[in-house]
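Structure assessment
What follows is the residue order along each chain.
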Amino acid sequence: MGLFDVFKSLFGSSKKKAHVLCVGLDNSGKSTIINQLKSPETKMEDVVPTVGFTVEKFTSPSVHFTVFDMSGQGRYRDLWAHYYKDAQGIIFVIDSSDKLRVVVAKSELEELLNHPDIKARSIPILFFANKMDVRDSLSSVQCCKLLEMESKNANCPWHICASNALTGEGLHEGIEWLTDQLKNSNR
Ligand code: G3D
């Protein structure tokens, strides 16, 4: 089953769609991952640039994706939070080859987990420790440690996969996990 078909199986033939946010720092590989999920039926709905902040939206038969950079600039935080309410799942992309910025990603993750619209709900979070092909990149276990997910007692189910968005390696496992979580929470 291809990546796209995994999501397609989500709600069968019903018109229901899941809302998934794909977030992470700029350059982590979000667009490349989303491109791997695209099918011929997937169309870009809109790109909404505001000053310094861009939101991309894609729709596939089963999933609405909203993608944006958590650039570490707090002034846009209220704008991101606007999308939290509708989210049923989150894909959090980490550039595992950029060790210094994993710390920035960690603080953005903390902001996200502490937001009332996330904290009060049990939304599944899928982490991609992306760019696993880059020499000396962090393993998913190392990323997990740096993010301190184990000690966060997050209210939400979460899972981390190492990925190479260029080849698609690792994406299937993650998307299968997320789809299972979304099925369980929506049916
Ligand atoms: P973003 O949407 O999070 O900002 P992009 O990130 O998807 O635009 O990716 C940023 C750069 O990283 C791109 O390179 C892209 O090809 C590269 N990239 C994405 N995923 C991987 C990966 O798994 N491995 C490697 N080696 N590179 C990856 P360019 O050169 O176009 O800026």
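Every residue gets a number counted from 1 within its own chain, in the order that chain's sequence is written. Two thresholds apply to this predicted model, a pLDDT of at least 70 for residue-level local features and 80 or more for giving and counting side-chain atom pairs, whereas whole-chain, interface and lining totals are computed over all residues. Heavy atoms from the whole structure form the basis of all side-chain values; hydrogens and water molecules are not counted.

The next thing to look at is the nonpolar core. By nonpolar core we mean a set of buried residues, namely Ala, Val, Leu, Ile, Met, Phe, Trp, Tyr and Cys, connected to one another through side-chain atoms within 4.5 Å. When accessible area is computed with a 1.4 Å probe and restricted to protein chains, residues below 20% of their type maximum are described as buried, those above 50% as exposed, and intermediate ones as partly exposed. The biggest cluster of nonpolar side chains holds 31 residues, and the ones touching the most others in it are F68, Y84, F92, L112 and F127. Only runs of H or I of at least four residues qualify as helices and only runs of E of at least two qualify as strands under DSSP, and these elements are numbered from the N terminus. For this core, the secondary-structure elements that each account for two or more residues are β1 (18-24), α3 (77-81), β5 (89-95), α4 (99-114), β6 (125-130) and α6 (140-147). In terms of residue count, α4 provides more of this core than any other element does, five residues in total. Beyond its immediate sequence surroundings of up to four residues, L112 is in contact with V23, M70, Y84, I90, I118 and I125. Grouped together as the second largest cluster of nonpolar side chains are 23 residues, V20, C22, W177 and L178 included. For this analysis, residues touch if any pair of their heavy atoms sits within 4.5 Å.

Here a ring pair, both rings aromatic, is described through the centre-centre distance and the interplanar angle of the planes. For this analysis, a ring pair means two rings from Phe, Tyr or Trp (six-membered ring only for Trp) whose centres lie within 6.5 Å, classed as stacked if their planes differ by under 30 degrees, edge-to-face if by over 60, and tilted for the remaining angles. Tallying each qualifying case throughout the model produces two aromatic pairs. Consider the rings of F92 and F127, whose centres lie 5.6 Å apart with planes at 50°: the pair is tilted. Remark: F127 occurs in strand β6 and F92 occurs in strand β5; sequence separation between them is 35 residues. Judged by its relative accessible area of 1%, F92 is buried. Among the residues examined, F127 registers a relative accessible area of 1% and is labelled buried. Residues F127 and W158 carry aromatic rings whose centres are separated by 6.1 Å and whose planes lie at 85° to one another, so their mutual orientation is edge-to-face. Residue F127 is located in strand β6, and its partner W158 is located in strand β7 (residues 158-163); the two are separated by 31 residues in the primary sequence.

This part takes up the confidence of the model for the chain. Interpreting fine coordinate detail is not advised for predicted regions of low pLDDT. Overall, the predicted model of the chain reaches an average pLDDT of 83, with 80% of residues at or above 70. Values of pLDDT, which run from 0 to 100, indicate the predictor's confidence residue by residue. When mean pLDDT is compared element by element in the chain, β6 scores highest at 97, while strand β2 (residues 43-50) scores lowest at 56.

Next up on the list: the site of the ligand. Being near a molecule or strand, for a residue, comes down to having at least one heavy atom within 4 Å of it. Around the ligand there are 15 residues in total, and N27, K30, S31, T32 and D133 lie nearest to it. Distance and chemistry together define a polar contact, namely a pair of N or O atoms within 3.5 Å, with one atom able to donate a hydrogen and the other to accept it when in protein, and with adjacent residues in sequence counting only for side-chain atoms on both sides. The contact in question runs from an oxygen atom of the ligand to an N or O atom on the backbone of S28, over 3.2 Å. Within the contact set of the ligand, an oxygen atom lies 2.5 Å away from a side-chain nitrogen or oxygen of T32. Relative to its free-state accessible area of 660 Å², the ligand is covered by the protein chains to the extent of 64%. The greatest single-element share of the shell around the ligand, amounting to three residues, is contributed by helix α2 (residues 30-37). Residues of the shell around the ligand, tallied by class, amount to four nonpolar, seven polar and four charged. Each accessible area is a Shrake-Rupley result for a 1.4 Å probe, and residues are judged covered by the shown protein chains and nothing else. Residues are grouped as follows: Ala, Val, Leu, Ile, Met, Phe, Trp, Tyr, Cys and Pro are nonpolar; Asp, Glu, Lys and Arg are charged; all remaining types, including Gly, are polar.

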